Amino acid sequence: MQNPSHYLLAFWGLTTPTWIAMWSVLGVLTVALVVLLRTRWTTNRTWRMCAVLSLWVHVLIVVFSMTVRIVTGAPQSGDDGQPIRVAVLPAEPVVENQSEEKTSEIEPVWEEIAAPPLVAPAAEPLPKLADDNVQPTPDALVMEQVTESLAAAEPLPPAPALEAPSLMPAPVVEEKHEKVETESVAEVARETDKREVEPQTEKRTDSSEVADSGDVLPPTRRVATSADAMPNLYADRFAEDLTQLATQRGGSSQTEAAVKAALAWLASNQSANGGWDASKFGAGQERVVLGHDRQGAGAQADTGVTGLAILAFLGSGNSHVHGVYRSEVAHALEFLRQRQRADGSLFGEAELFARMYCHSMATLAACEAYAMTRDERLDAMCRAAVNYSLAMQHPTDGGWRYRRGDTGDTSQLGWQLMALKSANLAGIQIPDITWARAERFLRRVKRGNHGGLAAYRPDGPPSRTMTAEAWYCHQLLQSDRGGSLNPTAIREAIESLEQEQPSPANRNLYYWYYATLALQQNQHESPEATSSWESWNHAHTTTLIATQESEGSWNAETVWGGYGGKVYTTALSALCLEVYYRYNPVPRQRELADREGWQSLQR
């Protein structure tokens, strides 16, 4: 924390030797003038004395005005040499402010948002696709337009079904995985492999059954059917042999078996409405983590854990039009769409502390599915959700938190940036000012001797979890904006993470998730970075494999597991084990993984 006397000196302009000398001279002359007022100079004419005093006072005012800082909050100085980016836009996309709760942090009048509520347009029936390689999906449920005021903020009611007949197979989740509870992880993985080779017999439903289910997507308009039609970032998810690819990059057949078992467990525990019931699997148990009572946050976080489950399926090459779990993903996406509010938010019924987490996780899942498939049915939902995120970013602080007007925290920032980056890949334009604000926030939470550590809030101490998340946020922001973190800052971050590697004694999946992403993305930078990744990778895969339950899930006995429950821990663990192919590495990473002498960590 900076010395308060610094601000007092800065107020008077005493920040450089030049100004200190100038003020000293002016001070001496002022004292001399006061002394003259008590000598025979007072016998001069009054108008002369007034003129001299007035002139001197104006000189002091002019000098003082030259030392006043008109703009405060200048970016931190440091050794990273990163430029300050300024974006000037004609206007920012805005949405109606959510007003059911008052916030203690009031926004300036000019930041108030007066745009009308967002309502996703109704889907229209479309002709059958000509592409025989695409699995037709069912007819639409149209989102009912909401005209109530935002203050009510009630969930959207189920939408009516279209008259066209359904083409999607009816969900048969329980039949497909009825033996999961008694089978081992390896057996579940073998059953999943069998399912991939011999697709299940698909059932068809008539339009009345679709209307009753209320959980299907409308007909497909434009869908990417191969890895060539989607962003290269996701291409490796569709490799012919994911086990071989994972093995080449540090995984093993065991990590892939664990992923398959986790996806099988998630599929077998999906609710009939297409989502996952957070409270059913232990969410909302208050454990006062880090000394804070969050009032059992997570009990109603159905959209959040559903988003994480969708991401786990997407990460292994399953979307609502690809893969053996396309039916589960399709119903889960429709679950999110049916719960989107008129303002675009996707937090459903979540309470205050879980709302923005749920919204960003659900938005990330929807946008990633949109980017992978280019299915225009997802366009309206994703754009409305993104606009809500843009409106919730604090205009000066640059971060996100629980309510509009709250200054941000690093934990919320990570999920929002991932969602917005995925939206960008789906063709949704994100204003430059959004990225500039996020960079500003990251500068404010920098800690450590070289800026490699990070704090949860701008006024707080550093933590390893926030260091990992902030580092990955830097990677997201700089992937297409040039530059990178200063090498000394990266070394400082790595040294911090190496001091607390994964182990069964301290299971913090939230920390592991971001650290795994950041270290894996950084592994090509130097031999030291490669060594750090290999050490972390060995510890985290060994721990995850050892702690997985025989049914394929992971229990909720983790640092944040009480809030998210078993679906949260299982989905996040699967995402950690999918890191080898979830995001396609840059060419230098591929060269490093394929270089002579590279050995995967077999367990």
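What comes next is a walk through the structure. (Residues numbered from 1 in each chain as written. Predicted model: local features only at pLDDT ≥ 70, side-chain atom pairs only at ≥ 80, totals over all residues. Heavy atoms only, no water.)

A closer look at helix 13 (residues 410-425)
An α-helix turns once every 3.6 residues. As a result, residues three or four positions apart point the same way. Under the 1.5 Å per step criterion, the end-to-end length of helix 13 is 23 Å for 16 residues, consistent within 8% with the ideal 22 Å. Of all 16 residues that make up helix 13, 14 are buried, and the element is covered over most of its length. Phi turns positive one or two residues past the end of helix 13, at G427, with a value near 95°. (Helix = DSSP H or I, 4+ residues; strand = E, 2+ residues; numbered from the N terminus. Expected span 1.5 Å × (residues − 1). Buried < 20%, exposed > 50% of the residue type's maximum accessible area, 1.4 Å probe, protein only.)

With respect to the packing of helix 11 (residues 352-373) against helix 12 (residues 379-392)
Direction vectors running N to C along helix 11 and helix 12 enclose 140°, while the axes themselves pass 10 Å from each other. When the axes of helix 11 and helix 12 are compared, the pair comes out oblique. The interaxial crossing formed by helix 11 with helix 12 has left-handed handedness. Residues M356, H359, T363, A366, C367 and Y370 of helix 11 lie in contact with helix 12, whose contacting residues are D379, M381, C382, A385, V386, Y388, S389 and M392. (Axes fitted to C-alpha atoms, helices over the stretch in contact; angles between N-to-C directions. Parallel < 35°, antiparallel > 145°, perpendicular 65-115°, else oblique. Left-handed = near helix turned anticlockwise from the far one by under 90°. Contact = heavy atoms within 4.5 Å.)

With respect to unusual backbone geometry
Despite not being glycine, R374 has its phi angle at roughly 55°, a positive value. Examined against the element boundaries, R374 turns out to sit in the loop between helix 11 and helix 12.

Some details on the packing of aromatic side chains
We describe a pair of aromatic rings using the distance from one ring centre to the other and the angle between the two ring planes. Evaluation of the coordinates by the stated rule reveals 13 aromatic pairs. When the ring of W415 is compared with that of Y514, the centres are 5.7 Å apart and the planes differ by 70°; the resulting orientation is edge-to-face. One end of the pair, W415, is in helix 13; the other, Y514, is in helix 17 (residues 509-522), and 99 residues separate them in sequence. Following the ring pairs from residue to residue traces out a cluster consisting of W415, Y472, Y510, Y513 and Y514. (Phe/Tyr/Trp six-rings, centres within 6.5 Å; stacked < 30°, edge-to-face > 60°.)

Some remarks on the nonpolar core
Among the nonpolar cores identified, the biggest contains 112 residues, and L266, W415, W471 and Y513 are the most heavily contacted of them. Considering every element that reaches this core, the biggest residue donor is helix 11, with 14 residues. If near-sequence neighbours (up to four positions away) are discounted, W471 is found in contact with L485, I490, A493, I494, L497, A518, L519 and N522. Residues L26, L33, W56 and V63 belong to the second largest nonpolar core, which totals 5 residues. (Core = buried A, V, L, I, M, F, W, Y, C linked by side-chain atoms within 4.5 Å.)

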